[in-house]
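# Breakdown of the fold
Single-letter residue listing:
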Amino acid sequence: MARKFFIETFGCQMNVLDSEKIAGNLLQNGLESVEDSAQADVIILNTCSVREKAVQKVYARLGEFKRARRENPDLVLGVVGCMAQLEGEAVLAKAPHVNLLAGPQKGGVIADLVHEAAITGAAAISMRMDEDPEPMEVAFILRENRWRASVTISEGCSRRCSFCVVPFTRGKQRDRESGKIIREVEELVAEGYIEIVLLGQTVNSYRDPSPAGNSFPDLVRRLAAIRGLERIRFTSPHPDDFSDDLLNVMESCPKVCNHIHLPVQSGSSRILRAMRRGYSRRRYLETVRKIQRAAREIAISTDIIVGFPGEREEDFRDTLSLLDEARYDSLYSFKYSPRPTTTAASLPDDVPEEVKSRRLSLLQEQQKLIQYNKNAAYVGRALEVLVEEPARNRFSLSGRAGNNKIVNFNGPKYLLGKLITVDITDFSANSLKGALASGPQE
């Protein structure tokens, strides 16, 4: 009887794609996927380590699986991904019932590790970080979505932001050849996928290692020429590498979604220097203003950390004032937590927890008001929406516009996976509400 596997994913879009690669590898080697961990005899936790809270969630989940491992000695319980790479065999010391440990580049060998753990009874471990781009070339991927697919164009990061563990968990930046990326996207389009999400830690830092020598804007242009591909997204770009050429691509290629995630992390130039971000507040805002002046309306989102070591009240006020200038369409915000191996981990974590919480709350309140006012301006407009899933509220369907706005509306289920036009009739701070535009929607 075939072993059954269950994968639980923590963290970013790249982790989601890594889980799809792991699932493809297991499926190709004769295992079966199940949606309930209680039915599985292989449980894989694909982990994130970017914040301490994410690591704590994994250990809490491992505690829940301890009894299952005790009751079923043949159960393979694996911890893979960034947390596994960062903490190494310390995971086994804290959770000795874990019997598979692997870093984030091991999607193509997970089945071998499962077999090793099952046969030997000992922990199967694969932690070597590979700086060769070849592990990014995965033949079998079990996609969760039937119309949107993520595609890795680069792995790792060669920057050294003082708070970030990515260079230590995923290694230096390694780029795939443009020809391989284009072939993968062409194959996906032939299978019926209409939206592609290009992934990289600093995706716009991409440099084609093949003789074609494509820059990131070049690559996007070539992908936009693929017949049948309707939408291209990418995440996450670094502000330092956001070029005029990339903005020109976003203005001139309708297939490229009119949304850019541009992580700033802080509105204070002093804190940005301490974070080693490579730009000042002024230079970042110059990029934002270029985007705001573009011939095409482009939504902007960002990431912000509050409570970084040494952050004073005036630094935090700079961050609040940045929100007023940038007028972000959405915001991901977090309290700083020291991460092992990073430069910032050696700094005193001198902002009290209650101060971090207060600042985070003020930041989120201000952003909520900005989003409320921005979303109000969409009432009376029509947006093209990719219908993604049944809605989780009083509407029947939910989708995403090109500008990344979530749009809820009523409509028949056969619209799932289709691009349709929705007239916006109402809004909240976090989403838009609408009705199907009149006329055919097929």
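This text goes with the structure placed above it.
Reference entry: report on the structure contained in this document. Keep in mind it's a predicted model, so treat the numbers as computed, not measured.

### What to know about the pairing of strand β15 (residues 382-390)
In the sheet, β15 pairs with strand β18 (residues 419-427) via five bridges, with the strands oriented antiparallel. What sits directly across from L383, in β18, is V422. Pairing of β15 with strand β16 (residues 397-401) involves five bridges; the strand directions are antiparallel. Counterpart to V385 in the pairing with β16 is A401. Hairpin remark: β15 followed by β16, antiparallel, with six residues in the connecting loop.

### Here we look at the sheet that holds strand β4 (residues 76-81)
What the six strands build is an open sheet, ordered β2-β1-β3-β4-β5-β6; its pairing is parallel. Two strands lie at the open edges of the sheet, namely β2 (32-33) and β6 (124-126), each paired on one side alone. Pairing geometry for strand β1 (residues 4-9) and strand β3 (residues 42-47), over five bridges, is parallel. The residue bridging T9 from the neighbouring strand is N46, located in β3. In the packing of helix α1 (residues 13-28) onto the sheet, contacts are made with β1, β2, β3 and β4, and the angle to β1 comes to roughly 175 degrees. Taken strand by strand, helix α2 (residues 52-71) contacts β1, β3 and β4, and its axis lies near 170 degrees from that of β3.

### What to know about the packing of aromatic side chains
Under the criterion given, the structure shown has four aromatic pairs. Seen from their ring centres, F216 and F234 are 5.2 Å apart, and the 75 degrees between their planes marks the pair as edge-to-face. Linking F216 in helix α8 (residues 216-224) with F234 in strand β11 (residues 231-235), this pair joins segments that are 18 residues apart in sequence. With respect to class, F216 is no different from F234; both count as buried. Its end group placed over the ring of F334, R51 keeps NZ or CZ at 3.6 Å from the ring centre. Over the ring of F168 we find R160, and its NZ or CZ is 5.4 Å from the ring centre.

### Considerations on unusual backbone geometry
Cis geometry is adopted by the peptide bond preceding S236, which originates at T235 and carries an omega value of -10 degrees. Topologically, S236 is positioned in the loop between β11 and α9 (244-252). The backbone of R276 sits at a positive phi, close to 60 degrees, despite the residue not being glycine. Residue classification places R276 among the partly exposed residues on the basis of a relative accessible area of 48%.

### Observations regarding the pairing of strand β7 (residues 148-152)
The element β7 is extensively covered by neighbouring structure, given that five of its five residues are classed as buried. Here β7 shows no split at all, with R148, S150 and T152 on one side and A149 and V151 on the other all buried.

### Things to note about the sheet that holds strand β13 (residues 299-306)
Spatially, three strands are ordered β12-β13-β14 in an open sheet, and the strand pairing comes out parallel. Of all the strands in the sheet, just β12 (259-261) and β14 (330-335) have a single pairing partner and so form its edges. With strand direction ignored, the average angle separating the axes of adjacent strands in the sheet is 15 degrees. Relative to β13, β12 runs parallel, the two being bridged by three bridges.

### Here's the deal with helix α13 (residues 353-376)
Relative to the 34 Å expected for 24 residues at 1.5 Å per residue, α13 spans 35 Å between its end C-alpha atoms, a close match to the ideal helical length. The complete set of buried residues in α13 reads V355, K356, R359, L360, L363, Q367, I370, Q371 and N375. The elements touched by buried residues of α13 are β13, α12 (313-326), β14, β18 and β19 (432-436).

### Looking at the packing of helix α11 (residues 281-292) against α12
Between α11 and α12, whose axes approach to 11 Å, the crossing angle comes to 20 degrees. With respect to α12, the axis of α11 lies roughly parallel. Where α11 crosses over α12, the two elements pack in a sense that is right-handed. Taking contact as the criterion, the partners of R281, Y284, L285, V288, R289 and Q292 in α11 are, on α12, D318, S321, L322, E325 and A326. In terms of residue class, the contact of α11 with α12 is made up of five nonpolar, two polar and four charged.

### Quick word on α12
Helix length check: α12, at 14 residues, gives a terminal C-alpha distance of 20 Å against a target of 20 Å (1.5 Å per residue), a fit within 8%. Listed as buried for α12 are D315, F316, T319, L320, L322, L323 and A326. The arc that holds the buried residues of α12, viewed along the axis, is 150 degrees, so those residues lie on one side. Structurally, α12 contributes buried residues whose contacts are with α10 (269-275), α11, β13 and α13. Downstream of α12 by one or two residues, R327 has phi in the positive range, about 50 degrees.

### Remarks on the state of the cysteines
What makes a disulfide is a covalent bond joining the sulfur atoms belonging to two cysteines. Under the defined criterion, the tally for this structure stands at zero disulfides. Here C253 stays free of any disulfide, with the sulfur of C257 as its closest cysteine sulfur at 12 Å. Owing to a relative accessible area of 14%, C253 belongs among the buried residues under this scheme.

### Thoughts on the packing of α8 against α9
At a minimum axis separation of 9 Å, α8 and α9 run at an interaxial angle of 20 degrees. It follows from the interaxial angle that α8 and α9 lie roughly parallel. When you trace α8 past α9, the crossing you get is left-handed. In this structure, α8 uses F216, P217, V220 and R221 to contact α9, whose residues at the interface are D245, L246, N248 and V249.

What counts, and where the lines are drawn
Residues numbered from 1 in each chain as written. Predicted model: local features only at pLDDT ≥ 70, side-chain atom pairs only at ≥ 80, totals over all residues. Heavy atoms only, no water. Pairing = 2+ DSSP bridges. Helix = DSSP H or I, 4+ residues; strand = E, 2+ residues; numbered from the N terminus. Contact = heavy atoms within 4.5 Å. Axes fitted to C-alpha atoms, helices over the stretch in contact; angles between N-to-C directions. Phe/Tyr/Trp six-rings, centres within 6.5 Å; stacked < 30°, edge-to-face > 60°. Buried < 20%, exposed > 50% of the residue type's maximum accessible area, 1.4 Å probe, protein only. Lys NZ or Arg CZ within 6 Å of the ring centre and 35° of its normal. Expected span 1.5 Å × (residues − 1). Parallel < 35°, antiparallel > 145°, perpendicular 65-115°, else oblique. Left-handed = near helix turned anticlockwise from the far one by under 90°. Nonpolar A, V, L, I, M, F, W, Y, C, P; charged D, E, K, R; others polar. Arc of directions from axis to C-beta. Disulfide = S-S within 2.5 Å.

By themselves, these observations are geometric and do not establish any function.
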